[in-house]
Amino acid sequence: MADVPMPNDLEALAALLSGSGFVAADEEADELLVCAAGDVELLDSLVWRRLTGEPLAWITGSVSFCDMEVRVDPGVYVPRWQSEPLARRAVERLPSTGAAIDLCTGAGAIAKTLTTARPGARVVASDVDERAVACAGANGVEAYCGDLFSPLPRMVEGRVDVVVGVVPYVPTPALALLPRDTLAFESRLSYDGGRDGTEILRRVVAESPRFLRRGGALLLELGGEQADALAHDLARRGYVGVTTLFDGDGDVRGIEATFEEHRGRHRVDHRHA
Ligand SMILES: C[S@@+](CC[C@H](N)C(=O)[O-])C[C@H]1O[C@@H](n2cnc3c(N)ncnc32)[C@H](O)[C@@H]1O
């Protein structure tokens, strides 16, 4: 089978990918052909990799996020379009010469979105995975290796306008329900949020007040019942104006909250992201 050459025209390649269960077969075929640039042997190897379920972004080396090309190295979490509204909202909350932290930055897609939109702002990012930090650096992000806030420069403490994060938030028991290829390639570290998925989210809520200025924003991606589960922690840590963000299908996609420095009245309202 390995000796059978892969089709090298768009229509036949798209048909092969579609027949193998790839939903966006036309777009993927196009990207693979562009990446191979006419090299038939290279195309063969790229298509074989894709047929194993390896993420397309690892094969082509990049993904589109918020209308930018973001480099994605093999082993690094592939930024998802579902996180784009959160990144765009973070831009809206970041003043032109402000400061922002992108936690669990992965390839640095959100930090790069912030830096691109607000070139005068200081944007720092962290990730525990050295491959992610190197990849984010290659994307022009000021990224530090370590656990959540711990590796970040102390000088940003108390001055930050936005803390944003797509941190791991899948409940451990639900990891088995992820699509088959997900954990065959991407790291469990990117997804595992502990028993109910909120372990890292709760740590971010608890540790972010040390970094945020009064009026600064906390923006976190999450799902399911997790917004409700965090409500008490947010109120206790001095967050107000807690807003649940929904996607176009009405599913919970995140929360936005404003840091007030003191224990404020907790208010929850709802808006569509
Ligand atoms: C779901 S991915 C999100 C990556 C990126 N924010 C994005 O949206 O493309 C989660 C990332 O968190 C990192 N991570 C997991 N636990 C961490 C921790 N305790 N501190 C910092 N980074 C962590 C993983 O290495 C992974 O890159």
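Calculation criteria
- Residues numbered from 1 in each chain as written.
- Predicted model: local features only at pLDDT ≥ 70, side-chain atom pairs only at ≥ 80, totals over all residues.
- Axes fitted to C-alpha atoms, helices over the stretch in contact; angles between N-to-C directions.
- Helix = DSSP H or I, 4+ residues; strand = E, 2+ residues; numbered from the N terminus.
- Left-handed = near helix turned anticlockwise from the far one by under 90°.
- Contact = placed C-beta atoms within 7 Å.
- Nonpolar A, V, L, I, M, F, W, Y, C, P; charged D, E, K, R; others polar.
- Domains from an automatic or database assignment.
- Buried ≥ 20, exposed ≤ 12 C-beta atoms within 10 Å, placed from the backbone.
- Pairing = 2+ DSSP bridges.

Visitor: Tell me what's going on with the packing of helix H5 (residues 84–93) against helix H6 (residues 109–117), and back it up with residues and numbers.
Guide: Close contact between H5 and H6 brings their axes to 9 Å; oriented N to C, the two are set at 40°. By crossing handedness, the relation of H5 to H6 is classed as right-handed. Between H5, through Ala 87, Ala 90 and Val 91, and H6, the contact on the second element is made entirely by Ile 110, Thr 113, Leu 114 and Ala 117. For the contact of H5 with H6, the residue count by class is six nonpolar, one polar and no charged.

Visitor: Before we move on, could you go through the domain arrangement of the protein and cite the residues and values that matter?
Guide: Splitting the protein by domain gives domain 1 (1–52) and domain 2 (81–272). For domain 1 and domain 2, the distance between their C-alpha centroids amounts to 35 Å.

Visitor: Please set out the pairing of strand S7 (residues 212–221) residue by residue, giving values where relevant.
Guide: Counting buried positions over the ten residues of S7 gives seven, a clear majority of the element. The sheet contact formed by strand S6 (residues 160–165) and S7 spans five bridges and is parallel. Within S7, the residue paired with Val 162 across the bridge is Ala 217. Bridge count for S7 against strand S9 (residues 252–259) is five bridges, and the pairing is antiparallel. Bridged to Leu 220 within S9 is Ile 255.

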